[in-house]
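The residues making up each chain are set out below.
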Amino acid sequence: MIDSTRSDALVIFGISGDLAYKKIFPALQNLARRGRLDMPVIGVARGTGSLEAIRQRMRASLAEHGGGVDEKLYAQLCAQLAVVEGDYQDAATFVALRRQLGESKHPLHYLAIPPSLFAKVVEQLGASGCAAGARVVVEKPLGRDLASARTINHELRSVFDENEIF
């Protein structure tokens, strides 16, 4: 059974990567256009530079892949966006994420990162309390073969219930 609890924060791991640039930023603008993005958006990545650098990257993405920059929606997205910079292997990154989540009780963690990082990120989400009440979205392909897909699935399920994994 799928939990119908609405997410109250969107956390995007890999906010500085190609997937975010080509697909996620345009999707965020479209969600905002439809009035479906009324929550904080927290990007997590290493080497992002700054919140302003991510905002500039988002602007470039929308211009190139999002059908143009809608200035009103861009301003809204900028106001909703926060960035946690750090290494996915470092527990301090996830402490900072938990702090940034504030009062959020049902975050949605989007793993726009290589599958080789899924296990470590999910483990850190669990250890930091960021997985409590949360859901996780993983990108396909899930592993290199059946064995690695099963391993990743097992790692995901060690922290998240089946109905919390998308």
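Refer to the preceding data block for the structure.
Every value quoted in this text rests on a predicted model; they were computed, and no experiment measured them.

> How should I be thinking about the environment of Val69 in this particular structure?
Summarising the element assignment, Val69 is placed in the loop between helix 2 (51-65) and helix 3 (71-80). The exposure class of Val69 is partly exposed, given its relative accessible area of 23%. Taking C-alpha positions, Val69 is 9.3 Å from Pro26, a pair spaced 43 residues apart along the chain.

> Is there a simple way to explain the pattern of salt bridges in this structure?
Pairing is possible between side chains that carry opposite charge, provided their charged atoms lie close to one another. Scanning all chains against the criterion turns up four salt bridges. The shortest N-O distance in the salt bridge between Glu71 and Arg59 comes to 2.9 Å. Pair noted here: Glu71 is in helix 3 and Arg59 is in helix 2, with a separation of 12 residues, a long-range link. Note that Lys120 is salt-bridged to Glu123, the shortest N-O span being 3.3 Å. Highlighted residues: Lys120 and Glu123, both in helix 5 (residues 118-128), separated by three residues, approximately one helical turn. Look at Lys120 and you get partly exposed, because its relative accessible area is 24%. Residue Glu123 is classed as partly exposed on the basis of its relative accessible area of 47%.

> When you look at the side chain of Gln124 in this model, what are you seeing that I'm missing?
Counting through the fold element by element, Gln124 comes out in helix 5. In contact with Gln124, other than residues within four places in its own chain, are Tyr88, Gln89, Asp90, Ala91 and Phe94.

> Quick question: what am I supposed to make of helix 5 here?
Turn by turn, an α-helix covers 3.6 residues, leaving residues three or four places apart pointing in a common direction. The complete set of buried residues in helix 5 reads Phe118, Val121, Val122, Gln124 and Leu125. All buried residues of helix 5 lie within an arc of 160° about the axis, which places them on one face of the element. The inward-facing, buried residues of helix 5 contact strand 1 (9-13), helix 4 (91-101), strand 4 (107-111), strand 5 (135-138) and helix 6 (146-157). Downstream of helix 5 by a residue or two, Gly129 has a phi angle that is positive, lying close to 85°.

About the thresholds
Residues numbered from 1 in each chain as written. Predicted model: local features only at pLDDT ≥ 70, side-chain atom pairs only at ≥ 80, totals over all residues. Heavy atoms only, no water. Helix = DSSP H or I, 4+ residues; strand = E, 2+ residues; numbered from the N terminus. Buried < 20%, exposed > 50% of the residue type's maximum accessible area, 1.4 Å probe, protein only. Salt bridge = Lys/Arg side-chain N within 4 Å of Asp/Glu carboxyl O. Contact = heavy atoms within 4.5 Å. Arc of directions from axis to C-beta.

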